[in-house]
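Residue-level listing of the chains:
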Amino acid sequence: MAPQRTRVDDVDRSLYDLANAEDPTARFEAGLTPEIVTEISRRKNEPEWMLDFRLKSLDLFSRMPAPDWGPSLAGLDLDDIVTYVKPATDQQSDWDSLPDDVKNTFDRLGIPEAERAYLAGVGAQYDSELVYHSMQDAAAKMGIVYSGIEEALGDPQWEPIIREKFMTLIPPHDHKFAALHGAVWSGGSFVYVPAGTRLDYPLQSYFRLNAKGAGQFEHTLIIVEDGADLHFIEGCSAPKYNVANLHAGAVELFVGKGAHLRYSTIENWSKNMYNLNTKRALVDADGDVEWISGSFGSHVGYLYPMSILKGDRAACSFTGITFAGAGQNLDTGCKVVLAAPDTSAAVETKSISKDGGISTFRSSVVATERAERAKASVSCQSLMLDDQSRSDTIPAMDIRCKSVSIGHEATIGRIADDTVFYLMSRGISEEEAKAMIVNGFAEPVSKELPLEYAVEMNNLIKLEMEGAIG
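Within each chain, residues carry numbers counting from 1 in the order of the written sequence. Owing to the predicted nature of the model, reporting of local features is limited to residues with pLDDT of at least 70; listing and counting of side-chain atom pairs is limited to 80 or more, with chain, interface and lining totals taken over all residues. To get the side-chain values, all heavy atoms of the structure are used, and hydrogens and water are removed first.

### Section: the overall build of the chain
Line of reasoning, step 1. Per the secondary structure count, the chain includes 10 helices and 23 strands.
Line of reasoning, step 2. Relative accessibility decides the category of a residue: with a 1.4 Å probe and only protein chains considered, values under 20% of the type maximum give buried, values over 50% give exposed, and everything between is partly exposed. A buried classification covers 60% of the 470 residues belonging to the chain.
Line of reasoning, step 3. For this analysis, residues touch if any pair of their heavy atoms sits within 4.5 Å. For the chain, contacts bridging at least 24 residues in sequence account for 85% of all contacts bridging at least 6.
Line of reasoning, step 4. Here the accessible surface of atoms and residues is derived via Shrake-Rupley with a 1.4 Å probe, and residues count as covered only by protein chains that are part of the display. Carbon and sulfur atoms make up 49% of the accessible area of the chain, which totals about 18,700 Å². For helices the rule is a DSSP run of H or I covering at least 4 residues; for strands it is a run of E covering at least 2, with both sets numbered from the N terminus onward.

### A look at the packing of aromatic side chains
Line of reasoning, step 1. Two aromatic rings, drawn from Phe, Tyr or Trp (for Trp, its six-membered ring), form a pair once their centres lie within 6.5 Å of each other, and the interplanar angle then sorts them: stacked below 30 degrees, edge-to-face above 60, tilted otherwise. A full pass over the atoms with the stated rule returns 10 aromatic pairs.
Line of reasoning, step 2. Ring centres of Phe28 and Tyr84 lie 4.9 Å apart, and the angle between their planes is 50°; this geometry places the pair in the tilted category. Pair noted here: Phe28 is in the segment before helix H1 (34-43) and Tyr84 is in the loop between helix H2 (48-63) and helix H3 (100-108), with a separation of 56 residues, a long-range link. When sorted by exposure, Phe28 lands in the same class as Tyr84, which is buried.
Line of reasoning, step 3. Ring pairs connect the aromatic residues Tyr146, Phe232, Tyr263 and Trp291, which therefore count as one cluster.
Line of reasoning, step 4. Lysine and arginine charges are scored as sitting over a ring when NZ or CZ, respectively, is within 6 Å of the ring centre and within 35 degrees of the ring normal. Directly above the aromatic system of Phe254 lies the positively charged group of Lys165, at a separation of 4.4 Å from the ring centroid.
Line of reasoning, step 5. Lying over the aromatic face of Phe61, Lys176 brings its terminal NZ or CZ to 4.0 Å of the ring centre.

### A few points about the pattern of salt bridges
Line of reasoning, step 1. Salt bridge criterion: a side-chain nitrogen from Lys or Arg within 4 Å of a carboxyl oxygen from Asp or Glu. This structure, assessed with the given rule, holds 17 salt bridges.
Line of reasoning, step 2. A salt bridge links Arg280 to Asp174; its shortest N-O distance comes to 2.6 Å. Taken together, the positions of Arg280 in strand E13 (residues 278-283) and Asp174 in the loop between helix H7 (159-165) and helix H8 (176-184) put the pair 106 residues apart, joining distant regions of the chain.
Line of reasoning, step 3. For Arg280, a relative accessible area of 7% corresponds to the buried category.
Line of reasoning, step 4. Exposure remark for Asp174: the relative accessible area of 34% places this residue in the partly exposed category.

### Section: the packing of H2 against H8
Line of reasoning, step 1. Contact pair H2 / H8: the axes reach a minimum separation of 7 Å and the direction vectors enclose 150°. What the angle tells us is that H2 and H8 run roughly antiparallel. Both H2 and H8 take part in a crossing whose hand is left-handed. Here Phe53, Arg54, Ser57, Leu58, Leu60 and Phe61 of H2 lie close against H8, whose contacting residues are Lys176, Ala179, Leu180, Gly182, Ala183 and Val184.
Line of reasoning, step 2. Amino acids are sorted into nonpolar (Ala, Val, Leu, Ile, Met, Phe, Trp, Tyr, Cys and Pro), charged (Asp, Glu, Lys and Arg) and polar (every other residue, Gly among them). Looking at the contact of H2 with H8, its residues break down into 8 nonpolar, 2 polar and 2 charged. Only C-alpha atoms enter the line fits that serve as axes; for helices the fit covers just the stretch in contact. Angles between N-to-C directions range over 0 to 180 degrees. Any angle that is under 35 degrees is reported as roughly parallel, and any over 145 degrees as roughly antiparallel; angles of 65 to 115 degrees are reported as roughly perpendicular and all others as oblique. Crossing chirality is assigned from the near helix's rotation relative to the far helix, an anticlockwise turn below a right angle marking it left-handed and a clockwise turn marking it right-handed.

### Looking at the environment of Phe323
Line of reasoning, step 1. If you trace the backbone, Phe323 turns up in strand E17 (residues 315-324).
Line of reasoning, step 2. Under the relative-accessibility criterion, Phe323 is labelled buried at 4%.
Line of reasoning, step 3. Taking C-alpha positions, Phe323 is 8.3 Å from Lys354, a pair spaced 31 residues apart along the chain.

### Here we look at the side chain of Thr349
Line of reasoning, step 1. Mapped onto the elements, Thr349 comes out in strand E19 (residues 344-353).
Line of reasoning, step 2. Residues contacting Thr349, with those up to four places away along its chain left out, are Phe318, Gly320, Phe361, Ser379, Cys380 and Gln381.

### Overview of H1
Line of reasoning, step 1. Within H1 the residues assigned to the buried category are Ile36, Val37, Ile40 and Ser41. The buried residues of H1 occupy one face: seen down the axis, they fall within an arc of 135°. Away from its buried face by more than 90 degrees, H1 exposes Glu35 and Arg42.
Line of reasoning, step 2. Against H2 and H8 lie the buried residues of H1.
Line of reasoning, step 3. Backbone geometry just downstream of H1 places Asn45 in the positive-phi region, at approximately 55°. By arc we mean the arc of the directions from the helix axis to the C-beta atoms, nothing more.

### As for the packing of H1 against H2
Line of reasoning, step 1. Packing of H1 against H2 leaves a shortest axis separation of 10 Å and a crossing angle of 155°. When the interaxial angle is binned, H1 and H2 end up roughly antiparallel. In this structure, H1 crosses over H2, and the sense of that crossing is right-handed. In this structure, H1 contributes Pro34, Val37, Thr38, Ile40 and Ser41 to the contact, and H2 contributes Leu51, Arg54, Leu55 and Leu58.
Line of reasoning, step 2. For the contact of H1 with H2, the per-class residue count stands at 6 nonpolar, 2 polar and 1 charged.

### Describing the environment of Leu303
Line of reasoning, step 1. Of note, Leu303 is situated in strand E15 (residues 300-303).
Line of reasoning, step 2. Considering only alpha carbons, one finds Leu303 and Glu267, 36 residues apart in sequence, at a separation of 9.9 Å.
Line of reasoning, step 3. Leave out the neighbours within four places in its chain, and Leu303 touches Glu267, Asn275, Asn277, Lys279, Ser293, Ser295, Asp331, Thr332 and Gly333.

### Concerning empty space enclosed by the protein
Line of reasoning, step 1. A cavity here means a set of points on a 1 Å grid, drawn over the protein atoms and nothing else, where a 1.4 Å probe fits but cannot get out; a pocket is an open set with protein on both sides within 12 Å along at least five of seven lines, and a residue lines either one if it has an atom within 4 Å of a point. Grid points are joined across faces, edges and corners, and a volume is the space filled by probe spheres set on the points. Counted according to the given criterion, the structure contains 4 cavities of 30 Å³ or more.
Line of reasoning, step 2. Looking at the largest cavity, its volume works out to about 120 Å³.
Line of reasoning, step 3. Thr322, Thr332, Gly333, Thr349 and Phe361 are, among the 18 residues lining the largest cavity, the residues nearest its centre.
Line of reasoning, step 4. A total of 4 residues in the lining of the largest cavity trace back to one element, the largest contributor, which is E17.
Line of reasoning, step 5. Broken down by class, the residue content of the lining of the largest cavity amounts to 6 nonpolar, 11 polar and 1 charged.

### Quick look at the nonpolar core
Line of reasoning, step 1. Here, nonpolar core refers to any group of buried Ala, Val, Leu, Ile, Met, Phe, Trp, Tyr and Cys residues whose side-chain atoms link them within 4.5 Å. Ranked by internal contacts, the top residues of the largest apolar core, which has 41 residues, are Ile222, Leu230, Leu253 and Leu338.
Line of reasoning, step 2. Of all hydrophobic cores here, the second largest spans 35 residues; its members include Leu73, Val82, Tyr84 and Ala248.

Quick look at the structure:
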């Protein structure tokens, strides 16, 4: 009989660490110059205002300091990062038209299978460009638009809307990597859901960074009009290299009056990745946004989805789980701005750290002077599986209205010996008892992750619980 496992395994990355050979002619030079930014814009045949936006963002980037308050970015030299890598194909709507190496990569990740089984539409990005995009006819007939953002930028119907909203929630002056994104963004998705429209099946974008020493800077812009409903899934992965890779994408979500948006993300980057993504939602009266977040990869992560509740009775919820293993420093959490009466927010997060991994939960709740009767609850629970790991909780609350109700709860600990003893006294082995504790800890959050929608997502958390945890 094979011996049982005696520890919790890391995420099984064998599926994601297969890399394809690159065409060296498809890479820009490393570093960041006005010439590189101008060439990105020229290749995309962008309107003049976008080139001007890029160059102004580049100027901001060159003058802004790097963050000095979170995990160290010392291993990230932006002069060594390639900001644009062209895949060896243009965008396709037929899966079989993709080059074999690109198609086989997404086949292994289960993307076409998920599309056939669960999804109303799929976009797949490889390095710096979308390579595949498709949407079911039924969704298109409902008036829903789901396309690459660059494709929409070239459409006279959507270009004015993109110009009106692009990087208004995440302005380039917000922080250094927002400015970098504004300068070199490439690829991403545009979604428009008309008023009163409900899509019963999710849309999904999947981002694969294959290139060594490169960055990925996709931009997602979603507009859910009044009374509409949408579930959007985002997946990410990359093979592991011995040099730094960078992800500095941006997500901007506009949720109308009485509308609902569920945004699910699985961040499964490799352990040489610096994941510096920025995501924000603006929610109007009686609307609500749900964030479902799983962070399992990257060497260093800064990730804090933000909800701005600007309309009366607007609501948000954030449900997240983080797994930090050896060599990982994941600084994650969320931000909420209660900016109108009777707004509400609910935050529930779980984190697991092992083998010296560092997990930090960082939250910010701001209640403005207008937030009469607003409510917010923040719950953060962390579990360390050994004495080499670390977990921290850093909440910040800025309350400017007397009638609000704001609560924060945090617990950090290890598996309790008395709990194990209690379960063993009921006839359960020590190994099974510890497995039950860890599964029970993660289950309230992990059950919300959209694991049923794609084969790739079913391979993320490989916690082998057949033996003791140590």
